[in-house]
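Close look at the chain arrangement
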Amino acid sequence: QTEEPLHVMISGAPASGKGTQCHLITNKYGLVHVAAGDLLRAEIETGSENGKRAKEYMEKGQLVPDEIVVMMVKDRLLKPDSAEKGWLLDGYPRSLSQATALKELGFKPDIFILLEVSEDTLVERVVGRRLDPVTGKIYHLKYSPPETKEIADRLTQRFDDTEEKLRLNTHHQNVEAVLSMYKDITIKINGNASQKEVFAQIDGALTTLLEQRKTSSESM
Ligand code: AP5
């Protein structure tokens, strides 16, 4: 009997550490990481009309319209690898309408992870964040500095990392509505701790979930 793969959602304010934790989660659990922000940045790179429109909103720290985002996420979740290995959805849904659209399409998470991080820490993280354009790895000048000078010299900063305050407002306006939809399966994680400690909390929650599944399938 093949086991049903895991379906995980992760949410949290800008720079709360979602991308960092997703990297650790996919390494251990083999899920397909579907990040709305990454899909949008890839679309911008192609130079398409949707990409150009999306960038206008992202530069202002506002949500990109649903007609662009919902379709993109849906197409990615429908690919065979996500269906087979399970998915880890990052940065979606960000509004009640996006959550409803996902539900209507039949995508249901097993667990909703909410990373809670204080505002001062978020600002510090966003200011120090750097990306390696070659490997896609996320660094922080203070908390996870690049390993070599060669990497340090090629690091870039994200185009929307200066609008931190605005993105926080957007987040606060939308988070409650999304949370109300998943409150039965939400686990709140203290995201202020080190990357390793935050992952230990998430890992614990996912392990418990898998054990509960095993116990309930054995008792059937
Ligand atoms: P998106 O790309 O999703 O950005 P975000 O939510 O603002 O989140 P970030 O990627 O900024 O942060 P993160 O939580 O992944 O943190 P990270 O791990 O990098 O969205 C961008 C834009 O796209 C949105 O503003 C919107 O316009 C649009 N968009 C996206 N989804 C959409 C949707 N569904 N609908 C409509 N529009 C949408 O960590 C941050 C830094 O902190 C790093 O430097 C990292 O090294 C460091 N760090 C991480 N964890 C720790 C730790 N525990 N201790 C110390 N440092 C840490």
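In this text, all values refer to a predicted model and were calculated from it rather than measured experimentally. (Residues numbered from 1 in each chain as written. Predicted model: local features only at pLDDT ≥ 70, side-chain atom pairs only at ≥ 80, totals over all residues. Heavy atoms only, no water.)

**Let's talk about the environment of Asn27**
On the secondary structure map, Asn27 appears in helix H1 (residues 18–29). Using a relative accessible area of 58% as the deciding quantity, one classes Asn27 as exposed. Note: C-alpha distance between Asn27 and Trp87 (60 residues apart in sequence) is 13 Å. (Helix = DSSP H or I, 4+ residues; strand = E, 2+ residues; numbered from the N terminus. Buried < 20%, exposed > 50% of the residue type's maximum accessible area, 1.4 Å probe, protein only.)

**Brief notes about the pattern of salt bridges**
Summed over the entire model, instances satisfying the criterion amount to 15 salt bridges. Here Asp38 makes a salt bridge to Arg41, at a shortest N to O gap of 2.8 Å. Separated by three residues within a single helix, Asp38 and Arg41 lie in helix H2 (residues 36–46), roughly one turn from each other. Here Arg41 falls in the partly exposed class, since its relative accessible area comes to 21%. With its nearest N and O atoms 3.1 Å apart, the salt bridge here joins Glu124 to Lys142. Taken as a pair, Glu124 in helix H7 (residues 119–128) and Lys142 in the loop between strand S6 (138–140) and helix H8 (149–154) lie far apart in primary sequence, 18 residues in all. Residue classification places Glu124 among the partly exposed positions, given a relative accessible area of 31%. Judged by relative accessible area, which is 56%, Lys142 ranks as exposed. What you see here is one network of salt bridges that share partners, running through Arg129, Asp161 and Arg167. (Salt bridge = Lys/Arg side-chain N within 4 Å of Asp/Glu carboxyl O.)

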